[in-house]
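Letter by letter, the chains look like this.
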Amino acid sequence: MESEQYLAANLRRTVAEDPRTAELGVRITVRGDHVMLSGDVACEDRRKVLEEVLHEAAPELTIFNDVRVTPAGEPEGEEDLR
C-alpha cells in the first residue's frame, strides 16, 4: 500500500483535475484507511461531488467530509466607504 502522504497527494490531484470538482481549496488528509476532507466550497452539490470523486478514486477508504458550504454570492446592501 502506498504511503499516506503519497495517497493524499494523488487524491488532491484527482480532485483538482476532475472536471466535476476542479477544486484546489480543499484539504485532504489520509490516516490509515480514512480520508478527511476539510475546507470551504460554494454549494452543497460541490461538497457531495467531492466525496463521490474520492470514493471513485479510492473505494476502499472511509471518507469523513468536514467541508463547509460558504456561498460566495453577490454582496448584499451597500458598502459604506469613509
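Residues numbered from 1 in each chain as written. Predicted model: local features only at pLDDT ≥ 70, side-chain atom pairs only at ≥ 80, totals over all residues. Heavy atoms only, no water.

**Student:** Would you mind showing me how to read the overall build of the protein here?
**Tutor:** The helix and strand tally for the protein stands at two helices and three strands. Reading the protein from its N terminus to its C terminus gives the helix and strand order α-β-β-α-β. Each of the 82 residues in the protein was classed as buried or not, and the buried ones make up 29%. Across the protein, the fraction of contacts at a sequence separation of at least 24, relative to all contacts at a separation of at least 6, is 56%. Entry remark: accessible area of the protein is about 5,900 Å², with carbon and sulfur atoms responsible for 48%. (Helix = DSSP H or I, 4+ residues; strand = E, 2+ residues; numbered from the N terminus. Buried < 20%, exposed > 50% of the residue type's maximum accessible area, 1.4 Å probe, protein only. Contact = heavy atoms within 4.5 Å. Areas by Shrake-Rupley, 256 points an atom, 1.4 Å probe, with all protein chains shown as cover.)

**Student:** Please clarify how the environment of Asn 10 should be interpreted in this entry.
**Tutor:** Looking at where Asn 10 falls in the secondary structure, it is placed in helix H1 (residues 4-17). A residue is classified by how much of its surface remains accessible, and Asn 10, at 16% relative accessible area, is buried. Separated by 47 residues in the primary sequence, Asn 10 and Ala 57 have C-alpha atoms spaced 9.2 Å apart.

**Student:** Even after reading the chapter, I still don't get H1, so can you show me in this structure?
**Tutor:** With 14 residues, H1 ought to run about 20 Å at 1.5 Å a step, and its terminal C-alpha atoms sit 20 Å apart, in line with that. Restricting attention to buried positions, one finds in H1 the residues Leu 7, Ala 8, Asn 10, Leu 11 and Val 15. Down the axis of H1, the buried side of the element spans an arc of 160°, and every buried residue falls inside it. Structural note: H1 exposes Gln 5 and Glu 17 on the side pointing more than 90 degrees away from its buried face. Buried-residue contacts for H1 involve strand S1 (26-31), strand S2 (34-41) and helix H2 (44-57). (Expected span 1.5 Å × (residues − 1). Arc of directions from axis to C-beta.)

**Student:** Could you clarify how one ought to interpret the packing of H1 against H2 in this entry?
**Tutor:** The angle between the axes and the distance between the axes are what describe a pair of packed helices. Two elements in contact, H1 and H2, have axes whose closest approach is 10 Å; the angle formed by their N-to-C orientations is 130°. Here H1 lies oblique to H2, going by the angle between them. Our pair here, H1 against H2, has a crossing hand that is right-handed. Contacts between H1 and H2 pair Leu 11, Thr 14 and Val 15 from the former with Leu 50, Val 53, Leu 54 and Ala 57 from the latter. (Axes fitted to C-alpha atoms, helices over the stretch in contact; angles between N-to-C directions. Parallel < 35°, antiparallel > 145°, perpendicular 65-115°, else oblique. Left-handed = near helix turned anticlockwise from the far one by under 90°.)

**Student:** I'm lost on the pattern of salt bridges in this one. Help?
**Tutor:** When the charged atoms of two side chains with opposite charge come close together, those side chains can pair. For the coordinates displayed, the defined rule picks out five salt bridges. Across the salt bridge formed by Arg 20 and Asp 18, the nearest N and O atoms sit 2.8 Å from each other. Classification of Arg 20 by relative accessible area gives partly exposed; the value is 38%. Here Glu 44 makes a salt bridge to Arg 47, at a shortest N to O gap of 3.7 Å. One end of the pair is Glu 44 and the other is Arg 47, both in helix H2 and three residues apart, which spans about a single turn. One network of salt bridges, in which partners are shared, links Asp 18, Arg 20 and Glu 56. (Salt bridge = Lys/Arg side-chain N within 4 Å of Asp/Glu carboxyl O.)

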